[in-house]
Amino acid sequence: MQHSIRIQSFIITLALFVAGARAQAPAPATSPAKATATKPANVSETAVFIVNDTTATSADSVTINGKVVPYRVTVGTQPAWDDKNTAIASLFYTYYERTDVEDKSTRPLLISFNGGPGSASLWMHIAYTGPRILNIDSEGYPVQPYGVQQNSHSILDVADIIYVDPVNTGFSRIVGDARREQFFGVNEDINYLARWIDTFVSRQNRWTSPKYLIGESYGTTRVSGLVQRLQSSHWMHFNGVILVSPTSLGVQRDGPVGKALTLPYYAATAWYHKALAPDLQAKDLDQILPEVEKFTVEQLIPGLTLGGSLPAERRTALAYLVSRFSGLSVASVLGQNLAVPTSFFWKELLRERQFTIGRLDSRYRGLDRGDAGTSPDFDPALTAWNHAFAPAINYYLRDVLKYKTDLQYWLFGPVDPWPRADERTGEALRQAMSENPYLHLMVQSGYFDGATDYFNAKYSMWNLDPAGRLQDRMTFKGYRSGHMMYLRKEDLATATQDLRDFIAKSTPKPGQPAKR
């Protein structure tokens, strides 16, 4: 690998990262995304230089589907600017460009974000779409020695990719005395990142390229808002948005609907752990889920709508079917008035086996202090992932790509408070699709994801477009894994091919007009 370093401008700000200073170092916000209640451990009292605007470049190659793909990788920082053109933050990014493609006007650009909202964009970077992937086993469990290897399923063969760490994640930091309130919140996040993307696209001469946004978990909220903001305020139009394990996107589902929609996920998880009745367990997941989805929409939601007026005989019948599909006892279901909370399900399903199950990926099993209680002590999926990802991303950025900094790489950073009161990102996405005939949507969900479950994702997609006028540009893909479905090797191959197919489908032929 060949390296070079280029300082674009010597705007170097001396910042003091003192525990409790400026941000009061609050714990990261919890959400359906990968988040933690623990603030970064080594917030230093020593002065650390923040380089606002610098790049380091390397040349390398990766073999994808048997073909060698040469590429250039750029790691560095680019400032975020306020309305007065003052640098207010330094955002870290990693940018991959295929080097044997000369015409960038036909070369897609994929802009990638993870969630949190206080999470760095490392998860899809070194486990899904990038040219290097962390060392894990075929089901996604950590292995030693830690490190990275070639990702033969990377989508760098069909698109250039940039991974962006929002403020206070990864190596990205607030500069000087800039007000933290302008970064943290649904709309604040969208505002400054839209300006940042505008600058990046201009610097890299990518205005004519087909462009895509991909977000995972809270990153789906982020990119749904970004596509409309970039389109309406920056006149930058996109070909596609990919939502990986999407949040609710502000689509309402209160009451009986919200309480019922998790049942298909419960059925998938119980099937995985062999907790269903023998006749159901003998079926394939693809046979079970349509049956459970139909029951949820046609029987459970109407039953929950009746609340206490539901006749006793019908209540008993519904409890039996919920029990049958969820793997829980009838008594447990009746004790929850037919609406089983997710936290109770994670604790209850394998209680007799003395295990809990994971929130972000319910294939994972945990060990609590005791079997009693109504929720698990911790999420075994998240602890396993932190175990694998933290050493891998630090090794890759610092040792392989030779990015030198004394900053700690924050997998999760301090971003509280995070105002969400005016979230309308789902409607923003619908509006962008209505205005832009080129814009397509793909949703990718894991059947065993208990944080942002697959049937809620379907519900969001259906109800983004209540008139049914955009469905021909919407695609849903499900996988037999969890929140990060790509951690399972089989699903990594399938999901990346789905991305290739989506990009091919949504990239118009030369001269094809954007008309309905």
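Since the structure is predicted, the reported quantities are computational estimates derived from the model, not experimental observations.

Peer 1: Explanation requested: unusual backbone geometry in the structure shown.
Peer 2: With glycine set apart, most residues show a phi of negative sign, and most peptide bonds adopt trans. Glycine 116 connects to proline 117 through a cis peptide bond whose omega is 10 degrees. Take proline 117: it is sitting in the loop between strand E7 (109-113) and helix H1 (125-129). Cis rather than trans, the peptide bond between glutamine 144 and proline 145 has omega equal to 5 degrees. Here proline 145 lies in the loop between strand E8 (132-134) and strand E9 (148-150). Its identity is not glycine, yet glutamine 354 carries a phi of approximately 65 degrees, on the positive side. Backbone geometry at lysine 402 places phi at a positive 60 degrees, although glycine is not the residue there. Assignment of secondary structure puts lysine 402 in the loop between helix H11 (380-400) and helix H12 (425-435).

Peer 1: Looking at this structure, how should I read the nonpolar core?
Peer 2: Counting 91 residues, the largest nonpolar core has Ile197 and Leu441 as the members making the most contacts within it. Of all the elements, helix H2 (residues 186-203) adds the most residues to this core, at nine residues. Those residues within four positions of isoleucine 197 in sequence are excluded, and the remaining contacts are Ile111, Phe113, Leu213, Leu226, Leu230 and Met236.

Peer 1: What is the right way to look at a nonpolar patch on the surface in this model?
Peer 2: A grouping of Tyr320, Val330 and Leu334 is seen on the molecular surface, where their side chains present a nonpolar patch of about 250 Å² in accessible area. Inspection of the secondary structure assignment puts tyrosine 320 in helix H8 (residues 312-326).

Peer 1: It is not clear to me how the confidence of the model for the chain should be interpreted in this structure. Could you clarify?
Peer 2: The predicted coordinates ought not to be read in detail in places where the model reports low pLDDT. Considering every residue of the chain, the mean pLDDT works out to 90; 90% of them sit at 70 or more. Taken together, the stretch residues 5-39 has pLDDT below 50 and engages in 107 contacts with residues farther than four places along the chain or on a different chain.

Cut-offs applied
Residues numbered from 1 in each chain as written. Predicted model: local features only at pLDDT ≥ 70, side-chain atom pairs only at ≥ 80, totals over all residues. Heavy atoms only, no water. Helix = DSSP H or I, 4+ residues; strand = E, 2+ residues; numbered from the N terminus. Core = buried A, V, L, I, M, F, W, Y, C linked by side-chain atoms within 4.5 Å. Buried < 20%, exposed > 50% of the residue type's maximum accessible area, 1.4 Å probe, protein only. Contact = heavy atoms within 4.5 Å. Patch = residues over 30% accessible without salt bridge, like charges linked within 9 Å, V, L, I, M, F, W, Y side chains within 5 Å. Areas by Shrake-Rupley, 256 points an atom, 1.4 Å probe, with all protein chains shown as cover. Salt bridge = Lys/Arg side-chain N within 4 Å of Asp/Glu carboxyl O. pLDDT = per-residue confidence, 0-100.

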